[in-house]
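# An overview of the molecular structure
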Amino acid sequence: MGGTRAGGGADGSGAGERDGAEGTLVTPSAEFPPLAPEELAALRRIGDQWRAARRDRAPGTDALPVDPSLRRAGGQPEPSRFGRLAPIAMFRVGEPDELVATEPANLPGSRFGRTVTRLRRALLGPPLSSSAVLYERMRKLVALPVLSSDLLSSVAYGPEAMLAVLLLAGSGALELSLPLAAALAVLMVAVGVSYRQTVVAYPHGAGSYVVAGDNFGPRAGLAAAAGLMVDYVLTVAVSVAAGVHAVTSALPGLAGWTVPLGVLTIALLLAGNLRGVRTAGNLFVLPTYAFVVALLALLAVGYARAAGGGFAPVPPPPVPAVEGLGLLLVLRAFSSGAVSMTGIEAVSNAVPVFRPPEWRNARITLGWMVAMLVLLFTGLTGLVHLTGVVPTPEATLLSQLARVTFPTGPWYGLVQAATALILLLAANTAFNGFPRLLFFMARADHAPRRFLHMGDRLAFSDGLVALAVAAAAVLVAFRGHTESLIPLYAVGVFLAFTLSQAGMVVHWRRRRGPGWLRRATVNAVGAVLSGLVLVTAAATKFTEGAWVVVLAVPLLVLLGTAIHRHYALLHRSLALHPPPAGPAPAPPVVPAPPPAAGPAPPEGEELPQQVRHLVVVPVARLNRASLRALAYAASLGQPTLAVHIAPEEPEADRFREQWRIWGDHVRLETIVSPYRAVIGPLAHYLEALHAGRADLVLTVIVPEVVVRSRWHRPLHSRTEQRLRSALRPLPAVVVTSVPVHLSE
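What counts, and where the lines are drawn
- Residues numbered from 1 in each chain as written.
- Predicted model: local features only at pLDDT ≥ 70, side-chain atom pairs only at ≥ 80, totals over all residues.
- Heavy atoms only, no water.
- Buried < 20%, exposed > 50% of the residue type's maximum accessible area, 1.4 Å probe, protein only.
- Helix = DSSP H or I, 4+ residues; strand = E, 2+ residues; numbered from the N terminus.
- Pairing = 2+ DSSP bridges.
- Right-handed = clockwise from strand over helix to strand, strands pointing away.
- Contact = heavy atoms within 4.5 Å.
- Salt bridge = Lys/Arg side-chain N within 4 Å of Asp/Glu carboxyl O.
- Core = buried A, V, L, I, M, F, W, Y, C linked by side-chain atoms within 4.5 Å.
- Axes fitted to C-alpha atoms, helices over the stretch in contact; angles between N-to-C directions.
- Nonpolar A, V, L, I, M, F, W, Y, C, P; charged D, E, K, R; others polar.
- Expected span 1.5 Å × (residues − 1).
- Bend = angle between axes of the 7 residues up to and from the residue.
- Patch = residues over 30% accessible without salt bridge, like charges linked within 9 Å, V, L, I, M, F, W, Y side chains within 5 Å.
- Areas by Shrake-Rupley, 256 points an atom, 1.4 Å probe, with all protein chains shown as cover.
- Phe/Tyr/Trp six-rings, centres within 6.5 Å; stacked < 30°, edge-to-face > 60°.
- Parallel < 35°, antiparallel > 145°, perpendicular 65-115°, else oblique.
- Left-handed = near helix turned anticlockwise from the far one by under 90°.

### Looking at the pairing of strand β6 (residues 696-706)
Buried residues dominate β6, accounting for ten of its eleven residues. Of the strand pairs in this sheet, strand β3 (residues 612-618) and β6 are connected by five bridges, and their pairing is parallel. Opposite Leu614, over in β6, you have Leu698 as the bridge partner. In the sheet, β6 pairs with strand β7 (residues 733-741) via nine bridges, with the strands oriented parallel. Paired with Glu704 across the two strands is Pro739, which belongs to β7. In terms of handedness, the path from β6 via helix α26 (residues 719-727) over to β7 forms a crossover that is right-handed.

So this is what it looks like as C-alpha cells:
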C-alpha cells in the first residue's frame, strides 16, 4: 500500500536524488510489500508462542525425509513429464545457499502449454530476468520520441480541430486562429513548466494521480486517474483513427478498411510493447524523429515561400456561416485546439523508465517536448493562415498544406508517410503510461493487484492487454471516425491537468521552501487555464459525445473506491495481531474438502501405517492466512517444509529476515524465480521432491481467501486452483486449502 504518496524535497530541488526510499520504485518485488513494524512485532510474539508449544516435541520430529536443497548424489538426469531433463536440472544453487529457478522451469507441463509458450517467446522474445529491470530504462534520446509521440502527433489534428470550429462562423472567423494559437501556446508553456515542477516534486512517477491524491485525498486522486485512463484509451483510438485517415487520404481505395486497419494497428502496438519497454522504444524512435524532421522541412519551405511574397496571406475560399461568431464558439475552438496538449503529462507518469538520475532526465526531456510542441503548433497554424487552406472532409489539413508546399517531387508523399507513421505509433505513449498508472493504483489498492505483476519481458502485460482491448472497442464503436472521437478527448485529460496543477499549489503551500510562492503561482496559472478548457469542453461538447466521459469518470471513481473497500477488508482479515499474554488455545481449523478424485493413479498406500508424509506449505507473505496454514500443517505432526517463491534476491532476503523474526519454527526453502513465474517453479520443485522419495505422499497446504461476492474473485490470483491444476497429474500429491473467510 505504500509508495504512492512519497513527496519530493521541500525546496523542490534535488528531490529525485533524495527520494530513493523503498516502496516508491517500480520493481518485480512490488507484489510483495514488506510487513509494517506493528506486524513484525506481532509476528515475533506469535513466534514466541509457537516456540513454547513445540518444546515438548520429541527429538527428530522435524527432520525432513528428503533433502530440500535437491542435492542428490549420483545418478544421471532422467526424463520427466516437465521436460527432457530431470527436474533437478531446472534449479541451480544461488546465494546464500538458495535455489534459483532456471528458464526451463517456467514451461508448462502440458504439450499444448509448452507449444503456446514457445510461440509466444518466438513472437515476443525470451523472458528477461528480474535483475534486468534496471537495464530496461531509456536514455533521453530514446525516451523523447517514445513519450512525445502522442504529444507531437496531435499537431497533425489539433490545429484542424480548432479551425473546423471557427469555420462554422464562416471563413472570416479564421482570422482568430492566430490569437487563439498564441493563447494555446501560453497554456502549453504554463502546463509544461508546471509538470516540470511535478517531476521534481514527485520523482517516482504516476503524475496527476499521485499529486491529486496526496494533496486532495484519495477520491480526487481517483478522479485524476479516471481522467487519465479515459485519455489513454482515447489516445490509442484517436491516434490510430487519425493515422488510418492519413493513409486513406493518400490512398482513397482503402477507405472501406478503416476499422480493420485500426484494430490491426492496435494489435501490432500491443505485440511491440509486450516485448518490453526498451525494445518497444527502439522500435518507435525513427518514426517520431522522421515526423519532426518532415514538419520542420515543411515549415522552412513554406515560410521561405511566404517570405518571397512579403508574408501576404492567401484568402481562404469563401465558406458560408452556419453559426454566429460569439464567445461560446471561440471557447469551443480554443478547447478543440487544446487537444494538441494531450500527452504532455506522459513524462510525469513515466519517470521511472528513465536512466538515473531519473527526475533530471525526465525534466530535460519534458522541456524538449514542450519546446517542439509550441514550435510545431504555432508554426503550422501560422502557415495555414498564410496559405489559405481550410478543413475539408476529403483530405486532412496537413495533407493539403503539404500538397501546397510541395506541389511536385516526392516530398508530399514523405510528409504523409511520416504523418501516418507518427499518428499510428502515437498510441505508444498510452501503452507506456496506462499500465504504469494501473500499477500505482494497484499499489494503493484502487485497482486489481494483477496489475502489479510484470510479465516475462518485464512489461506490465495485464495493463497493456486491458488498454488494447478497451481502445479497440472504442475504435469499433465509433467506426474509426476521428471527428466523432475528438469531442471525447479533452474532458478527461484536462480534468487530470486541473487536479494535478491545483494539487501542486497545495503541495508548495505545505512545503513553503525557498521560492515556493513563484512555483505555486506557475501551477496556479496552469490550473486556471486547464480548468477553463475543462469547463468549456464539458459544456460545449456535452451533446457531441463528451457526456460519455462525464459519465465514465465518476463510474471509474466508484469502481476504484469499491475495489479499495474490498482490499481494506482483506487487510483487516489477514493482518497479524499480537496474541494475548500467556498460552492461547489453538482455534479449531476445518480444512477444505479434498479435490475431486480423477483417474485412480497406481498408488498402494491403503493402510495408514503405509503412508509416509511430507507436508509442504507455499508461503507468499507472512499474514494470518499463511500462519493459519502453517499452524494447520504443524498440527498434523508430520515433517513440514515451507517454500517461498521470490522474484529477486532482495525480496528473498527480506522474507528470510521476517521468517527469522517469527522464530524459524518450520524449515524454509527459498526459491528465486527471476522470470517471476510462481506455479511452474513450484510444481517442478514438488515433482523434484517426489522424485527423491517415491514412497512419500506430498500434502501441499495452500492458504485460501474466501470472498463473499463473485465479482471479488477477479481481484485475487486464485493460486490454489492454478496449483491444483498443475499438480493434478502427479501421483501421491494432495493439494488442500485452509480457508480464511473475510469478515466485516
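### Considering the side chain of Thr365
Along the polypeptide, Thr365 turns up in helix α14 (residues 358-387). The contacts of Thr365, once residues within four sequence positions are left out, are Lys140, Ala143, Leu144 and Phe354.

### Details of the pattern of salt bridges
Applying the stated criterion to the full structure yields six salt bridges. Of the charged contacts in the structure, one is a salt bridge between Arg656 and Asp653, with a shortest N-O distance of 2.6 Å. Pair noted here: Arg656 and Asp653 are both in helix α24 (residues 649-662), with a separation of three residues, about one helical turn. When the shortest N-O distance is used, the salt bridge between Arg660 and Glu657 registers 2.5 Å.

### Things to note about the nonpolar core
Of all hydrophobic cores here, the largest spans 154 residues; its most connected members are Val236, Leu298, Phe431, Met441 and Phe494. In terms of residues, this core owes the most to one element, helix α8 (residues 218-250), which gives 20 residues. Filtering out sequence-adjacent residues up to four positions away, Met441 remains in contact with Tyr209, Leu222, Ala225, Met229, His446 and Ala447. Core analysis: the second largest hydrophobic core is formed by 29 residues, Val643, Ile679, Tyr685 and Leu686 among them.

### Things to note about the packing of helix α21 (residues 516-540) against helix α22 (residues 542-574)
Where α21 contacts α22, the two axes come as close as 7 Å, and the packing angle between them is 115°. Residue-level inspection shows Ala537, Ala538, Ala539 and Thr540 of α21 in contact with α22, the latter providing Phe542, Glu544 and Ala546. Class assignment for the residues of the contact of α21 with α22 results in five nonpolar, one polar and one charged.

### A look at unusual backbone geometry
Following Pro356, the chain continues into Pro357 via a peptide bond in cis, with omega recorded as -10°. Mapping Pro357 onto the fold places it in the loop between α13 (346-349) and α14. For Asp445, which is not a glycine, the phi torsion comes out positive at approximately 65°. Its location among the elements puts Asp445 in the loop between α17 (427-443) and α18 (461-477).

### Section: helix α4 (residues 140-153)
Since the α-helix turns once every 3.6 residues, residues separated by three or four places project in the same direction. Between the first and last C-alpha of α4 there are 19 Å, a value that for 14 residues agrees with the 20 Å anticipated at 1.5 Å per step. Along its length, α4 reaches its greatest deviation from straightness, about 45°, at Leu147. Among the 14 residues in α4, twelve count as buried, and that is most of the element. Within the sequence span of α4, burial applies to Val142, Ala143, Leu144, Pro145, Val146, Leu147, Ser148, Ser149, Asp150, Leu151, Leu152 and Ser153.

### Let's talk about a nonpolar patch on the surface
Residues Phe542, Trp547, Val548, Val550, Leu551, Leu555 and Leu558 make up a contiguous nonpolar surface patch of roughly 630 Å² in combined accessible area. Relative to the elements of secondary structure, Leu555 occurs in helix α22.

### Side note on the packing of aromatic side chains
A ring pair, where both rings are aromatic, is described by two values, the distance of the centres and the angle of the planes. Applying the stated criterion across every chain, the model contains seven aromatic pairs. Taking 5.7 Å as the distance between ring centres and 70° as the angle between the ring planes, the aromatic pair formed by Tyr195 and Phe497 counts as edge-to-face. Here Tyr195 is found in helix α6 (residues 177-201), whereas its partner Phe497 is found in helix α20 (residues 489-511), with 302 residues between them in sequence. Residue Tyr195 is classed as buried on the basis of its relative accessible area, which comes to 0%. A relative accessible area of 0% places Phe497 in the buried class.

### Observations concerning α17
Taking 1.5 Å of rise per residue, the 17 residues of α17 would be expected to cover 24 Å, and the 25 Å separating its terminal C-alpha atoms lies within 8% of that figure. Burial analysis of α17 places 17 of its 17 residues in the buried class, which makes it a mostly covered element. Looking one or two places after α17, you find Asp445, whose phi comes out positive at around 65°.

### Thoughts on the packing of helix α15 (residues 397-405) against helix α16 (residues 411-425)
Two numbers describe how α15 lies on α16: the axes approach to 9 Å, and their chain directions differ by 155°. Comparing the axis directions of α15 and α16 gives the class roughly antiparallel. As for the relative orientation of α15 and α16, their crossing is right-handed in sense. Judged by residue contacts, Leu398, Ser399, Ala402 and Arg403 of α15 engage Tyr412, Val415, Gln416 and Thr419 from α16.

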